[in-house]
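Structural description and commentary
What follows is each chain in one-letter form.
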Amino acid sequence: MDKIEDICEVLKQQYQGVFSTPKQEYKISKPDTFFSFNVTNYPSLTTFDITTKDILDAAADLRPNSAAGPDEFPAIVLKRCATQLCIPLQLLWSASLLESVIPDTTRSARITPLYKGRPRSMPKNYRPVALTSHVIKLFEKIVVKNIMNFLEHNTLMNRGQHGFRRGRSCLSQLLEHHTHLLESIEAGLNSDVIYLDFEKAFDKVDHGVLLHKMRNLGITGNIGRWVHAFLSNRTQVVTIDGCVSKQSSVVSGVPQGSVLGPILFLILISDIDQEVKTSKVTSFADDTRVSHSIKDKDDVIALQNDLQSIYRWADNNNMSFNSSKFEVVK
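Residues numbered from 1 in each chain as written. Predicted model: local features only at pLDDT ≥ 70, side-chain atom pairs only at ≥ 80, totals over all residues. Heavy atoms only, no water.

1. Focus: the side chain of Asp197
Formally: Strands are runs of DSSP state E lasting at least two residues, helices are runs of H or I lasting at least four, and both sets are numbered from the N terminus onward. Here the term buried applies to any residue with accessible area under 20% of the maximum for its type, exposed to any over 50%, and partly exposed to those in between, with areas from a 1.4 Å probe on protein chains only. For this count, His and the chain ends are skipped, Lys and Arg are scored as positive, and Asp and Glu as negative. Salt bridge, as applied in this entry: a Lys or Arg side-chain nitrogen positioned within 4 Å of an Asp or Glu carboxyl oxygen.
Position of Asp197 relative to the elements: it lies in the loop between strand S3 (190–196) and helix H8 (207–216). An unpaired buried charge is present at Asp197: no salt bridge exists, and Lys325, the closest side chain of opposite charge, is 4.8 Å distant.

2. Examining the UniProt feature "domain: Reverse transcriptase" (unreviewed entry) in the chain
Note the following rule: UniProt positions are given in the numbering used here, feature names are shortened, and annotations may be inferred rather than shown by experiment.
On the UniProt side, "domain: Reverse transcriptase" (unreviewed entry) is annotated at positions that read residues 95–330 here. Secondary structure within residues 95–330 divides into 39% helix and 21% strand; the distance between the first and last C-alpha atoms comes to 55 Å.

3. A look at the packing of aromatic side chains
For the record, the criterion: Pairing of aromatic side chains here covers Phe, Tyr and the six-membered ring of Trp, requires ring centres within 6.5 Å, and sorts the geometry by plane angle: under 30 degrees stacked, over 60 edge-to-face, intermediate tilted. Throughout this description, the term charge over a ring refers to an Arg CZ or Lys NZ atom that lies within 6 Å of the ring centre and within 35 degrees of the ring normal.
Under the defined criterion, the tally for this structure stands at 12 aromatic pairs. Pairing Phe202 with Phe265 gives two aromatic rings, centres 4.4 Å apart and planes at 20°, and the pair type is stacked. Taken together, the residues Phe202 in the loop between S3 and H8 and Phe265 in helix H10 (residues 261–269) connect sequence positions 63 residues apart. On the basis of relative accessibility, which here comes to 19%, the residue Phe202 falls in the buried class. Their ring planes at 15° and their centres at 5.4 Å tell us that Trp226 and Phe230 sit as a pair that is stacked. Of the two residues, Trp226 and Phe230 are both situated in helix H9 (residues 221–231); the distance of four residues between them amounts to about one turn of the helix. In this structure, Trp226 and Phe230 share a single accessibility class: buried. Within the aromatic cluster, the residues linked to one another by ring pairs are Phe48, Trp93, Phe139, Trp226 and Phe230. One cation-aromatic arrangement involves Arg120 over Tyr115; the distance from NZ or CZ to the ring centre is 3.8 Å. The aromatic ring of Phe230 is capped on one face by Arg234, whose charged end is 4.7 Å from the ring centroid.

4. Section: the side chain of Asp306
Inclusion rule: Polar contact is defined as a pair of N or O atoms within 3.5 Å, subject to the rule that within protein one atom must be able to donate a hydrogen and the other to accept it, and that residues adjacent in sequence are counted only when both atoms are side-chain atoms. Should any heavy atoms of two residues lie within 4.5 Å, those residues are considered in contact.
Assignment of secondary structure puts Asp306 in helix H11 (residues 297–316). Among buried charged residues, Asp306 stands out as having no salt bridge; its nearest opposite-charge side chain is Lys277, 7.4 Å away. Within the structure, the side chain of Asp306 is placed 3.2 Å from the backbone nitrogen of Thr278, a separation counted as a polar contact. Not counting residues up to four positions away in its chain, the partners in contact with Asp306 are Glu275, Val276, Lys277, Thr278, Ser279 and His292.

5. Description of empty space enclosed by the protein
Where empty space is left becomes clear once a probe the size of a water molecule has been rolled over the atoms. This is how the line gets drawn: Two kinds of site are reported from a 1 Å grid over the protein atoms alone, namely cavities, where a 1.4 Å probe fits but cannot get out, and pockets, open sets with protein on both sides within 12 Å along at least five of seven lines, and residues are called lining when an atom falls within 4 Å of a point. Grid points are joined across faces, edges and corners, and a volume is the space filled by probe spheres set on the points.
Evaluation of the coordinates by the stated rule reveals one cavity of 30 Å³ or more. The computed volume of the largest cavity comes to approximately 40 Å³. What lines the largest cavity is Asn158, Gly160, Gln161, Ile269, Ile272, Val281 and Ser283.

6. Topic: the sheet that holds strand S9 (residues 327–329)
For clarity, the cut-off: When DSSP finds at least two bridges between two strands, those strands are taken to pair. Throughout, an axis means a line fitted to C-alpha atoms (over the contacting stretch in the case of helices), and angles, computed between N-to-C directions, take values from 0 to 180 degrees.
Ordered by their spatial adjacency, four strands build an open sheet running S7-S8-S3-S9, and the pairing between neighbours is antiparallel. Looking at the sheet topology across the chains shown, the edges are occupied by strand S7 (280–284) and S9. Each adjacent strand pair in this sheet contributes to an overall mean axis angle of 15°, direction not counted. Here S3 runs beside strand S8 (residues 287–294); their pairing, made up of seven bridges, is antiparallel. Counted as the bridge partner of Val193 is Ser291 from S8.

7. What to know about the packing of H8 against H9
Threshold: Angles below 35 degrees are treated as roughly parallel, those above 145 as roughly antiparallel, those between 65 and 115 as roughly perpendicular, and all remaining angles as oblique. We call a crossing left-handed when the near helix sits turned anticlockwise from the far one by less than a right angle, and right-handed when that turn is clockwise. As a working rule, the residues Ala, Val, Leu, Ile, Met, Phe, Trp, Tyr, Cys and Pro are called nonpolar, Asp, Glu, Lys and Arg charged, and the rest polar, with Gly in that last group.
Viewed as axis vectors pointing N to C, H8 and H9 meet at an angle of 165°, and their least axial separation amounts to 11 Å. As the angle between them shows, H8 and H9 are arranged roughly antiparallel. When the axes of H8 and H9 are compared, the crossing they make is right-handed. Here His207, Leu210, Leu211 and Met214 of H8 come into contact with H9, specifically with Gly224, Val227, His228 and Leu231. Taken together, the residues of the contact of H8 with H9 sort by class into five nonpolar, three polar and no charged.

Structure below.
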């Protein structure tokens, strides 16, 4: 049997091998300058005040039995001692937001491999379950609340996105799709539906591309600089039965196991249908469906053109599709 140390290193190589190579033209070398102004006519979100109530509300959402991250700080302590800790935590994260400085221990992840089936000897058959610091998760909850309120209030989210949004779910996406199909049937038309699959979508997010989109949406100032710091210099290790791999640098992706990660992904994918002309595009996080009512050959061509525009979007955003998992329903 292979040594546990060797298995850790093999899985470390597997998990770091999925990262994308960042596009140099989107590299942000001076975040202070980059986030110092709003480049669009949208309203802007630059900062927010952090109150002890924000800390208490975030702590109340923690699951007391959640496993600790690399800093070994238990969730149950934050939850049960929230009243005593809320003021120091408020001071900590207020300073962090103002200065864009984040403790290194809160930017690391501890990965536990979870077997998902098929041959056990294949590293790709182990899903990485990432554990991150509960201390920073408290503040991430506050950041998410402010960013989402800003995006939703100003109608800056993609209407077809149903994942990680209040009032939207798998059910709302299903109902919308069902309505679209019924309308086609009532009009005497067929419908072609293509289900797309991104390859390692959350791991391949190009940080530079994401941060440019945040600024374009009006998320600048202290918040933009803090998110840049949050994504920068991240690390991860693989742990199995107490054995820990060597450290890996996380060069792309939204941090899995974090609270902020899913919302950052929604920002990245928010303009996926920007060049789509006639098809209907809906998503639940990274699961994307493209549908089109079909009357004649022109509709088939229109659907194909829209698919090509989505492929161009993927290329421009440093993302890639896993075509082996595509599905077509006619």
